[in-house]
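Next come the chains, spelled out residue by residue.
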Amino acid sequence: MQVIVFEDTRVLELRPLVNLKPVYALYTGFRSLREKLEYSLRGEVKLAWHLRRYLASVYAEQHPDAVVNRLEERDLLLVNGRIVFDDAACRVITEGGIDPGRAYMQGDDLLFARVDSSLITDNNGLMPDLLDTSALAGELVTESVTGFTVIRDIWDMIAFHPDELLRDAETLELGHILGDVHSSVALVNRSNIYVGSEAVVRAGAVLDADDGFIAVGAGAIVDPQAVLMQNVFLAPWSRVKIGAKLYSNVAVGTASRVGGEIEDALIEPFVNKQHDGFLGHSYISSWCNLGAGTNTSDLKNNYGRVKVLRNGQLQMTGLQFLGLMMGEHSKSSINSMFNTGTIVGTGSNIFGSGFPPREVPSFSWGGIDGIVPYDVEKAVETARRVMERRQVVMSRAYEAMFRFVASVESASRLFV
């Protein structure tokens, strides 16, 4: 039996955060959905990965040992890539308790299904870009289940983040100080602090784990007078700049640089937010750059529940706190401001005074005074330079993926 982690049609609801990556590359806590699954399985099961075709070449480059969009057996166990995996969810895979022709449904989400490959392939033996699980469920005997955590809406990664960060932290070797910590650093409650090998914590920094954990990954740097408290995770080779304030559930991805004030935020790898400004209850994708003084609002003045604008329609999130959700390769200029529940697409460049629209299309150029399409050639060249500055080469496959998203997004979105 081949186990395939799949993308379904609901993945489209998570754009722009999944424009340049599969859904299981999203983060909540300090691990991606894929990393959570692999950690929980502990190598017991070989996995295959289904994703949209335009992503496949880049994903295969990034994961050369992975089985990508390839069926090797007729007997398949389908696993929804939007599941936030824990040990209980992984037992469904490892114990093999699903009979052929059966599926587990949570609401209208198909989470697991045991099927013959002919049910999900065309005459050429190819899987669709996204599985239509509603149609698939109609061919199977379904069983209702509960208790699984599943990403359904673009704000779910932020909503689930505090609990997931604590759950991920259970796997840390807290109490181990391996790196170079200056003698003047305040380590409060050392038993809840981890500092990895080759990490550097410089003079006057405060790592306060009295109310939560602090983890500084291998090779990460904490500059002088930075304050970290109330659950903070720094991935390897990330950096916290001078005088930064990180508190209340912050996860910083590999090689990202952060400064200013950050609260309840998820920052993917290779993000630059190293200057002053407030970032709260936000999700910032890889290769984004927030200019000096960029501020996000994460609470409405009337303390009401936040609504987001999706394709011109307001949607209620049910959350009181929600800030900025930004797709890959987007940027804000100095002193930019973002309203509660703002969504910025992929490859956009936002500038100007005042608040830009709460829904900014991908590959946009502008701000409050108007938004126009961003020239794709300029967007590609800027992305290439940004990646080169972090010693990452934009491959031909990555450029082709980037251009494909630019053409699709630019054709389908209205500019204001």
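Residues numbered from 1 in each chain as written. Predicted model: local features only at pLDDT ≥ 70, side-chain atom pairs only at ≥ 80, totals over all residues. Heavy atoms only, no water.

(A) Highlighting the overall build of the protein. For the protein, the count of helices and strands is seven helices and 36 strands. Computed over its C-alpha atoms, the radius of gyration of the protein comes to 21 Å, within 12% of the 22 Å expected for a compact globule of 416 residues. Seen through its C-alpha atoms, the protein measures out along the principal axes to roughly 65 × 50 × 45 Å. Across the 416 residues that make up the protein, the buried fraction comes to 55%. For the protein, the share of sequence-separated contacts (at least 6 apart) that also reach a separation of at least 24 residues comes to 47%. Here the protein has roughly 17400 Å² of accessible surface; of this, 48% comes from carbon and sulfur atoms. Side chains of the protein give 39 positive and 51 negative charges; the mean places of these two sets differ by 5 Å. (Helix = DSSP H or I, 4+ residues; strand = E, 2+ residues; numbered from the N terminus. Rg over C-alpha atoms; globule rule 2.2 N^0.38 Å. Buried < 20%, exposed > 50% of the residue type's maximum accessible area, 1.4 Å probe, protein only. Contact = heavy atoms within 4.5 Å. Areas by Shrake-Rupley, 256 points an atom, 1.4 Å probe, with all protein chains shown as cover. Lys, Arg positive; Asp, Glu negative; His and termini not counted. Charge placed at Lys NZ, Arg CZ, Asp CG, Glu CD.)

(B) Expanded view of the pattern of salt bridges. Within this structure, the stated rule accounts for 27 salt bridges. Arg82 is paired through a salt bridge with Asp109; the nearest N and O atoms lie 2.7 Å apart. With Arg82 in the loop between strand E6 (75–80) and helix H3 (87–94) and Asp109 in strand E8 (residues 109–116), the pair connects residues that are 27 residues apart, well separated along the chain. Across this residue pair, the class does not change: Arg82 and Asp109 are buried. Salt bridges linked by common partners bring Glu377, Glu381, Arg384, Arg385, Glu399 and Arg403 together as one network. (Salt bridge = Lys/Arg side-chain N within 4 Å of Asp/Glu carboxyl O.)

(C) Inspection of unusual backbone geometry at higher detail. Residue Pro16 is bonded to the preceding Arg15 through a cis peptide linkage, with omega at 10°. With respect to the helices and strands, the residue Pro16 is situated in the loop between strand E1 (2–6) and strand E2 (27–28). Residue Arg42 is not a glycine yet carries a positive backbone phi of 55°. Locating Arg42 in the fold gives a position in the loop between helix H1 (33–41) and strand E4 (47–49). Backbone geometry at Phe270 places phi at a positive 60°, although glycine is not the residue there. Position of Phe270 relative to the elements: it lies in the loop between strand E22 (261–267) and strand E23 (272–273). Exposure remark for Phe270: the relative accessible area of 23% places this residue in the partly exposed category.

(D) Broad picture of the layout of surface pockets. By volume, the largest pocket amounts to about 700 Å³. For the largest pocket, the lining is made up of 28 residues, of which Ala25, Gln62, His63, Pro269 and Ser286 are closest to its centre. At the level of elements, H1, helix H2 (53–62) and helix H7 (396–412) are the ones that each hand at least two residues to the lining of the largest pocket. For the lining of the largest pocket, the element with the highest residue contribution is H2, accounting for five residues. Two domains each donate at least three residues to the lining of the largest pocket, and these are domain 1 (2–152) and domain 2 (156–413). (1 Å grid on protein atoms, 1.4 Å probe; cavity = no way out; pocket = protein on both sides within 12 Å on 5 of 7 lines; lining within 4 Å. Points joined across faces, edges and corners; volume = space filled by probe spheres on them. Domains from an automatic or database assignment.)

(E) Spatial organisation of the domain arrangement of the protein. If you check the domain split of the protein, you get domain 1 (2–152) and domain 2 (156–413). Taking the mean C-alpha position of each, domain 1 and domain 2 sit 27 Å from one another. In this complex, domain 1 contributes 30 residues to the contact, which on the side of domain 2 involves 37 residues. Counting each side, the surface lost to burial between domain 1 and domain 2 is near 2800 Å², with a carbon and sulfur contribution of 63%. (Buried area = accessible area lost by both parts, 1.4 Å probe.)

(F) Broad picture of the pairing of E8. When you tally the buried positions in E8, you get seven out of eight residues, the bulk of the element. Sheet topology note: the E6/E8 ladder contains five bridges and is antiparallel. Across the sheet, the residue bridging to Leu78 is Ala113, located in E8. Of the pairings in the sheet, the one linking strand E7 (residues 102–106) to E8 comprises four bridges and is antiparallel in character. Counterpart to Met105 in the pairing with E8 is Leu110. Where E7 hands over to E8, the hairpin turn is made up of two residues, of which Gly107 adopts a positive phi near 65°. (Pairing = 2+ DSSP bridges.)

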